[in-house]
Amino acid sequence: MIPLRDIAYARSGDKGSSANVAVFGRTAEAYTWLRTHLTAAVVEAYFKPLGVGEVVRYDVPNLEALNFVLPGILAGGGSRSLRIDAQGKTLGMALLEMSVEAPVGLGTIRPTESKG
Amino acid sequence: MPAPLKIANAAGFWGDQPGVAAKLVAQQPDLDFITFDYLAEVSLSIMAILRAKDPAAGYARDFIEVVRSLEEFWKQGGRTRLVSNAGGLDPVACAEAVRVELARANLAHLKIAVLSGDDVHAMVTSDGAEFQNLETGAGLEEVRDRLVTANAYLGAEDIAAALRAGADIVITGRVADPSLTVGPCLAHFGWAATDYDRLAGATVAGHLIECGTQVCGGISTDWLELPDSHAIGFPLVEVSADGSCVVTKPAGTGGAVTLRTVKEQLLYEIGDPGDYLSPDVSVSFLALKVDAIAENRVRVSGATGRAPPPTYKVSATYRDGYKAHGMLTVFGHDAVKKARHAGEGLIRRLHDDGCVFREHLIECLGTGASVRGVASRVSDTHLIETVLRVSVAADTKEPVERFTREIAPLVTCGPQGVTGYASGRPKVMPIFGYWPCLIDRSLVQPIVRLVN
């Protein structure tokens with residue numbers, strides 16, 4: 001098992017009481033792996049303790065990205081939520097802590113490949 | 001082909017780093033425009049509270065300081081123009097304050113335009129109006145009498161009209177964030193309002209810079225590896241006549257503009273990437289191309305657009321009670337257990353004294369509390385220290401007020417090892433509910449006016 005952050009990078013933000021987390025493959029191979037394994041159901045189960053609703057995944061292959069929309073995850077969001085993170089700032093980092101059964105080295109850029 | 005239009009951003013939110021605009025024009029004097037985005041979802045409700053105490057406080061006064069900081073640059077022939085939603089609830093008063101400031105500095109030849117008409121509070125609160133909540137589907141009836149603000153997101157066409165009239169400084173109320181960038185492009189390139197692919201490209205450019213340093217490495221996953229992260233540059237886009245752009249930052253600034261920082265920011269706060277809505281155009285990101293063309297220069301092209309919706313989005317806020325958060329540090333063995341026990345005891349004591357809270361929350365920071373129950377690999381029992389954070393919310397102010405006076409006493413009645421109480425009592429804060437809804441465009445009358 002390796003942490004998701006070894007093969008992916010991410011960014012999260014808020015929209016009312018929902019949030020989105022965009023997840024990007026660190027390599028083309030990593031993105032292919034993510035598309036197969038990081039399903040909406042997997043992400044929904046992971047964030048269930050925060051009360052998330054039905055997660056929707058949008059595939060953005062031209063950016064080697066998956067965009068997850070997490071409805072209702074911010075317990076009111078904005079000025080309303082009492083949580084330390086009312087705006088979903090930590091959700092990207094939290095998702096990257098997920099343990100995944102991906103091949104070791106999947107996120108490593110080979111020397112010939114430009115960083116991207 | 002006309003030269004690309006250089007548009008920077010010097011504020012990603014109300015309260016962003018001061019002094020940025022003056023630094024930007026020193027680093028990059030050939031900027032055509034600087035944009036400033038001051039308005040997050042609930043910023044206008046904060047202005048409403050400030051304005052209740054001081055009628056002149058309905059806009060972002062920081063912007064007057066920005067204008068002052070650029071006076072020397074303009075006197076020496078600098079031509080950079082400004083577009084900002086600093087007007088907040090009261091764009092006319094903001095424009096008047098800028099006029100007075102420029103007159104004082106003998107810069108009265110700079111033309112100021114104000115865009116108003118976004119305030120639809122009267123319409124939204126009138127009897128019989130629908131205005132369903134876009135998130136919950138609920139009817140407005142339940143909050144109508146508590147509505148504080150209701151503002152439509154106006155678009156680029158009105159900003160472009162102000163610029164065509166010769167404005168050097170455009171001050172708006174609520175507009176869609178990317179429209180601050182799209183407006184100058186529309187006016188400069190003479191695009192038609194139906195040039196949807198070009199508008200889509202400019203909207204993407206505006207979206208990329210609207211959060212200040214974020215596209216230059218701020219909050220990026222690999223932030224720790226950034227060069228000179230203490231001085232990350234603010235971004236600029238060089239928008240071409242076809243709507244594509246190059247994202248970059250002034251030479252000599254910290255941070256980085258890479259494929260990764262740009263891709264992260266492209267999907268920041270995005271729902272369906274195939275249907276990003278603005279009042280100017282509905283944008284698809286699904287054919288976007290990002291290319292690193294040189295160090296700290298990333299070209300973004302391939303945006304496609306369709307006609308925008310026939311409605312404006314409205315961001316409304318309503319009063320929804322009060323809240324407060326109190327924090328104390330707890331050190332020692334069983335720190336988390338003690339912190340939690342102290343927090344629960346505090347709530348119980350208040351309850352026994354008759355305080356009614358509709359909600360409370362006890363968090364022990366350091367245990368993964370930001371995402372409680374998710375990714376918690378920290379064993380609470382091994383922590384030698386935690387920050388206890390207790391929060392309450394109530395319909396009325398009194399119980400919350402009382403709560404704020406009960407935090408410090410934990411220093412004497414709580415566990416041994418409580419510290420960090422020196423910052424004083426927490427503040428009682430009003431809670432604003434967020435009410436996104438739609439309004440027919442025909443009901444909204446944007447007004448563009450030159451002030452001087």
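Report on the accompanying structure. Position labels on residues start from 1 in each chain and follow its written sequence. Chains and ligands are labelled sequentially in the order written, the chains with letters from A and the ligands with numbers from 1. Local features in this predicted model are restricted to residues whose pLDDT is 70 or higher, and side-chain atom pairs enter the listing and the counts only when it is 80 or higher, whereas totals over whole chains, interfaces and linings include all residues.

1. Thoughts on unusual backbone geometry
Residues and elements named next belong to chain B.
Next up, step 1: One non-glycine residue, Asn 296, lies in the positive phi region at around 60 degrees.
Next up, step 2: Note on conventions: DSSP H or I runs of at least 4 residues are helices, E runs of at least 2 residues are strands, and numbering of each starts at the N terminus. Among the secondary structure elements, Asn 296 is positioned in the loop between β11 (289-294) and β12 (297-301).
Next up, step 3: Three exposure classes are used. Buried residues have 20 or more other C-beta atoms within 10 Å of their own C-beta, exposed residues have 12 or fewer, and partly exposed residues fall in between, all C-beta atoms being placed from the backbone. Overall, Asn 296 belongs to the buried group, with 21 C-beta atoms counted inside 10 Å.
Next up, step 4: With a phi angle near 55 degrees, Asp 334 is a residue other than glycine that sits in the positive phi range.
Next up, step 5: Tracing the backbone through its elements, the reader meets Asp 334 in the loop between β14 (311-331) and α10 (335-352).
Next up, step 6: C-beta crowding within 10 Å serves as the criterion here: with 16 such atoms nearby, Asp 334 is assigned to the partly exposed category.

2. Notes on the sheet that holds strand β3 (residues 18-25) of chain A
Next up, step 1: Here a strand pair is declared whenever DSSP counts at least two bridges between the two strands. With antiparallel pairing, four strands are arranged side by side in an open sheet as β2-β3-β5-β4 (chain A). Because the sheet does not close on itself, it has two edges, and the strands there are β2 (8-15) and β4 (56-60) of chain A. Geometrically, the sheet is characterised by an average inter-axis angle of 20 degrees between neighbouring strands, direction not taken into account.
Next up, step 2: With six bridges connecting them, β3 of chain A and strand β5 (residues 65-70) of chain A associate as antiparallel partners. Residue pairing in the sheet places Val 23 of chain A in a bridge with Leu 66 of chain A of β5 of chain A.
Next up, step 3: Packed on one face of the sheet, helix α9 (residues 259-266) of chain B meets β2, β3 and β5 of chain A and runs near 30 degrees to β2 of chain A. For helices, the fitted axis covers only the stretch in contact; all axes are lines through C-alpha atoms, and the angles between them, taken along N-to-C directions, range from 0 to 180 degrees. By the convention adopted here, residues are in contact when the distance between their C-beta atoms, placed from the backbone, does not exceed 7 Å.

3. Comments concerning the packing of helix α7 (residues 179-189) of chain B against helix α8 (residues 196-209) of chain B
Residue and element names in this part refer to chain B.
Next up, step 1: Across the interface, α7 lies against α8 with an axial gap of 7 Å and an inter-helix angle of 135 degrees. Taken together, the axes of α7 and α8 lie oblique to each other. As for the relative orientation of α7 and α8, their crossing is right-handed in sense. Here Ser 179, Leu 180, Thr 181, Val 182 and Cys 185 of α7 lie close against α8, whose contacting residues are Leu 199, Ala 202, Thr 203, Ala 205, Gly 206 and Ile 209.
Next up, step 2: Charged residues are taken to be Asp, Glu, Lys and Arg, nonpolar residues to be Ala, Val, Leu, Ile, Met, Phe, Trp, Tyr, Cys and Pro, and polar residues to be all remaining types, Gly included. Grouping the amino acids of the contact of α7 with α8 by side-chain chemistry returns seven nonpolar, four polar and no charged. If an angle is under 35 degrees, it is roughly parallel; if it is over 145, roughly antiparallel; if it lies from 65 to 115, roughly perpendicular; otherwise it is oblique. For a crossing to be left-handed, the near helix must be turned anticlockwise from the far one by less than a right angle; the clockwise case is right-handed.

4. Points about the sheet that holds strand β2 (residues 33-36) of chain B
Residues and elements named next belong to chain B.
Next up, step 1: Taken in spatial order, the ten strands make up an open sheet running β11-β12-β8-β7-β1-β2-β3-β6-β4-β19, and their pairing is mixed. Across the chains shown, the open sheet's two edge strands, defined by having one partner strand only, are β11 and β19 (447-450). With strand direction ignored, the average angle separating the axes of adjacent strands in the sheet is 20 degrees.
Next up, step 2: With four bridges joining them, strand β4 (residues 112-116) and strand β6 (residues 169-172) adopt parallel strand pairing. Within β6, the residue paired with Ile 112 across the bridge is Ile 169.

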